[in-house]
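Listed below are the residues making up each chain.
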Amino acid sequence: MTNRDVTIRPFEAATDIEPLSDIWLEASRRAHPFIGEQRLLAQRGLVKEKYLPEAETWVACRCGAPVGFISLLGSFIGAVFVAPDLQGQGIGRMLIAHALELKGELSLEAYTANAQAMAFYARLGFREVSRRPTDDEGLPFELALLRLAGQAPGRVTGALSTRPR
């Protein structure tokens, strides 16, 4: 399968909460093992009850089934996750490109311990703005604030092109 098989559509609360929270949990287990299983399970409840319904969420689908998503709070990316078995196939890049086309600039926070995510964002052109030593709950998990700017809404080029390569 190629990126041509992937479509991006708006979030539908009635059908998307469970599959997207499953994607979030499985991808978080892989990307953030340092957080711990108990905390991830508690956060999954917040993802289902608060974060997905309250954000502007876009869903990447393959053959009609959700395979990833991006949740936006204005131009801030609150979450971008792809099913672990489909990572590395350009779906995350497509979600970021879609958000950039909508917003013109993007920012996000990433755990610095997640080297794979930090490298992914750097490849897409995100630049580090600052760091803080603790997460939102005051726990000692360093976060980097990253920003991607300079693209006009409606015009995505270069590394973020949604065209299949």
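Located above this text is the structure these notes cover.
In short, a report on the structure. Nothing here was measured: the structure is a model prediction, and the numbers come from that model.

## Considerations on helix α2 (residues 37-54)
Because an α-helix packs 3.6 residues into every turn, residues spaced three or four apart end up facing the same way.
Item 1. In this model α2 runs 24 Å from its N-terminal to its C-terminal C-alpha over 18 residues, within 8% of the 26 Å that 1.5 Å per residue would give.
Item 2. The complete set of buried residues in α2 reads R39, L40, Q43, R44, V47 and L52.
Item 3. Check the buried side of α2 and you find it contacts α1 (13-31), β2 (56-62), β3 (65-73) and β5 (106-111).

## Brief notes about the sheet that holds strand β4 (residues 76-82)
Whether parallel or antiparallel, the strands of a sheet pair through hydrogen bonds between backbone atoms.
Item 1. Read from one edge to the other, the open sheet built from 7 strands follows the order β1-β2-β3-β4-β5-β7-β6, with strand pairing classed as mixed. A single partner strand is all that each edge strand has here, and the edge strands are β1 (6-10) and β6 (127-132). In this sheet, neighbouring strand axes are inclined to one another by 30 degrees on average, regardless of whether the strands run parallel or antiparallel.
Item 2. Where β1 meets β2, 5 bridges bridge the pair, whose relative direction is antiparallel. Residue V6 lies in a different strand from β2, and its bridge partner there is R62.

## Structural notes on the pattern of salt bridges
Item 1. Tallied over the entire structure, the rule returns 14 salt bridges.
Item 2. Residue E109 pairs with R132 through a salt bridge whose shortest N-O separation is 2.7 Å. Placement of E109 in strand β5 and of R132 in strand β6 is noted, with a sequence separation of 23 residues between them.
Item 3. E109 sits in the partly exposed class, given a relative accessible area of 30%.
Item 4. Each member of the salt-bridge network shares a partner with another, and the members are E18, D22, R44 and K48.

## Points about the nonpolar core
Across soluble globular proteins, nonpolar side chains have a tendency to be buried as a group.
Item 1. Formed by 48 residues in total, the largest nonpolar core has its most connected members in I70, I77, I96, Y121 and F126.
Item 2. Residues contacting I70, with those up to four places away along its chain left out, are E56, T57, W58, I77, A79, V80, L95, I96 and A99.

## As for the pairing of strand β7 (residues 143-148)
Item 1. Counting buried residues in β7 gives 5 out of 6 residues, a clear majority hidden from the surface.
Item 2. When β5 meets β7, the two strands line up antiparallel, connected through 6 bridges. If you follow S107 over to β7, its bridge partner there is R147.
Item 3. Here 5 bridges tie β6 to β7, and the two strands are oriented antiparallel to one another. Bridging across to β7, S130 finds its partner in L145.

## Brief notes about unusual backbone geometry
Item 1. For C63, which is not glycine, the phi torsion reads 55 degrees and is therefore positive.
Item 2. By the secondary structure assignment, C63 is in the loop between β2 and β3.

## Description of the environment of F120
Item 1. Assignment of secondary structure puts F120 in helix α4 (residues 115-123).
Item 2. When the C-alpha atoms of F120 and G88 are compared, they prove to be 9.6 Å apart, with 32 residues separating the residues in sequence.
Item 3. Setting aside residues no more than four positions away along its own chain, F120 makes contact with G92, R93 and I96.

Reading the values: rules and limits
Residues numbered from 1 in each chain as written. Predicted model: local features only at pLDDT ≥ 70, side-chain atom pairs only at ≥ 80, totals over all residues. Heavy atoms only, no water. Helix = DSSP H or I, 4+ residues; strand = E, 2+ residues; numbered from the N terminus. Expected span 1.5 Å × (residues − 1). Buried < 20%, exposed > 50% of the residue type's maximum accessible area, 1.4 Å probe, protein only. Contact = heavy atoms within 4.5 Å. Pairing = 2+ DSSP bridges. Axes fitted to C-alpha atoms, helices over the stretch in contact; angles between N-to-C directions. Salt bridge = Lys/Arg side-chain N within 4 Å of Asp/Glu carboxyl O. Core = buried A, V, L, I, M, F, W, Y, C linked by side-chain atoms within 4.5 Å.

Function cannot be inferred from these measures alone, as they are strictly geometric.
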